[in-house]
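# Fold and geometry: a report
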Amino acid sequence: MEAGSGRDVWRERLAWGPVPLLTLVVFLIAGAQVGVVRDSGPVLLLVWPVFVGFALAAALLARLLMHWFRLPVTSGRTLAFRLGTRNSFVVLPFALTLPSGWEVTVVVIVFQTLVELFATVFYLWWIPRRLFRA
């Protein structure tokens, strides 16, 4: 057995960890705010197409930039994931400090992260098979 192969196995196993952990965090936050989430339904229906559209546009923009700058396919894939999946939880602490009446802001941020999570799963299938074939 090669020295690096044991590490490769662990890296491959641990690579899937962030997705279920992020899912758990999103659902815990949403569960803690279930009343606000329920009351925010109309707002979430308005922002959902924007979040999905952003994920699709980001991947298409990455493809355009890959061709424009003549990047290798692997760099185009990396660019697509980087543009399309950003970390909304960076702004969540700021949203949590907003005064009363702004609770829906937290829900929208968490909802955006949930949409992004599903977009990431879609990206894992779509990007290498359809958008950025080797």
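Heads up: the structure comes first, above all this text.
To start, this report covers the structure provided alongside it. Please read these numbers as outputs of a predicted model, since none were measured by experiment. (Residues numbered from 1 in each chain as written. Predicted model: local features only at pLDDT ≥ 70, side-chain atom pairs only at ≥ 80, totals over all residues. Heavy atoms only, no water.)

A word on the overall build of the protein chain. Scanning the protein chain from N- to C-terminus turns up seven helices and zero strands. Going from N to C terminus, the protein chain has its helices and strands arranged as α-α-α-α-α-α-α. Over its C-alpha atoms the protein chain spans a radius of gyration of 18 Å, topping by over 25% the 14 Å that the globule rule assigns to 134 residues. Seen through its principal axes, the protein chain has C-alpha atoms that stretch 55 × 40 × 25 Å. Looking at the protein chain as a whole, 28% of its 134 residues are labelled buried. Within the protein chain, residue pairs in contact and separated by at least 24 positions form 76% of the contacts whose partners lie at least 6 positions apart. A total accessible area of about 9,200 Å² is found for the protein chain, and carbon and sulfur atoms account for 71% of it. Within the protein chain, one finds 12 positive and 6 negative side-chain charges whose respective centroids are separated by 12 Å. (Helix = DSSP H or I, 4+ residues; strand = E, 2+ residues; numbered from the N terminus. Rg over C-alpha atoms; globule rule 2.2 N^0.38 Å. Buried < 20%, exposed > 50% of the residue type's maximum accessible area, 1.4 Å probe, protein only. Contact = heavy atoms within 4.5 Å. Areas by Shrake-Rupley, 256 points an atom, 1.4 Å probe, with all protein chains shown as cover. Lys, Arg positive; Asp, Glu negative; His and termini not counted. Charge placed at Lys NZ, Arg CZ, Asp CG, Glu CD.)

Here the focus is the nonpolar core. Grouped together as the largest cluster of nonpolar side chains are 12 residues: Ala55, Ala58, Ala59, Ala62, Met66, Ala80, Ala119, Tyr123, Trp126, Ile127, Leu131 and Phe132. Every element with two or more residues in this core is listed here: helix H4 (41–68) and helix H7 (103–131). Beyond its immediate chain neighbours, meaning those up to four positions away, Ala62 contacts Gly76, Leu79, Ala80, Leu83 and Phe132. Membership of the second largest hydrophobic core comes to nine residues, among which are Val26, Phe89, Leu92 and Leu117. (Core = buried A, V, L, I, M, F, W, Y, C linked by side-chain atoms within 4.5 Å.)

Across its 12 residues, helix H5 (residues 73–84) extends 16 Å between first and last C-alpha, which sits within 8% of the 16 Å expected from 1.5 Å per residue. In this structure, the buried side of H5 is in contact with H4 and H7. (Expected span 1.5 Å × (residues − 1).)

Let us now look at the environment of Thr78. Mapping Thr78 onto the fold places it in helix H5. Exposure remark for Thr78: the relative accessible area of 54% places this residue in the exposed category. Considering only alpha carbons, one finds Thr78 and Glu116, 38 residues apart in sequence, at a separation of 16 Å.

With respect to the helices and strands, Phe54 occurs in helix H4. Judged by relative accessible area, Phe54 falls into the partly exposed class, the value being 36%. With 29 residues separating them in the primary sequence, Phe54 and Leu83 have C-alpha atoms 9.4 Å apart. If we skip the residues at most four places from it in the chain, Phe54 touches Leu83, Gly84 and Arg86.

What follows deals with the packing of H4 against H7. Their axes nearest at 9 Å, the elements H4 and H7 cross at an angle of 35°. The crossing of H4 and H7 is right-handed. Counting all contacts with H4, which are made through Val43, Leu44, Val47, Trp48, Phe51, Val52, Ala55, Leu56, Ala58, Ala59, Leu60 and Arg63, the residues of H7 involved are Val104, Val107, Val108, Phe111, Gln112, Val115, Ala119, Phe122, Tyr123, Trp126 and Leu131. Grouping the amino acids of the contact of H4 with H7 by side-chain chemistry returns 21 nonpolar, one polar and one charged. (Axes fitted to C-alpha atoms, helices over the stretch in contact; angles between N-to-C directions. Left-handed = near helix turned anticlockwise from the far one by under 90°. Nonpolar A, V, L, I, M, F, W, Y, C, P; charged D, E, K, R; others polar.)

This is a description of form; function is not addressed.
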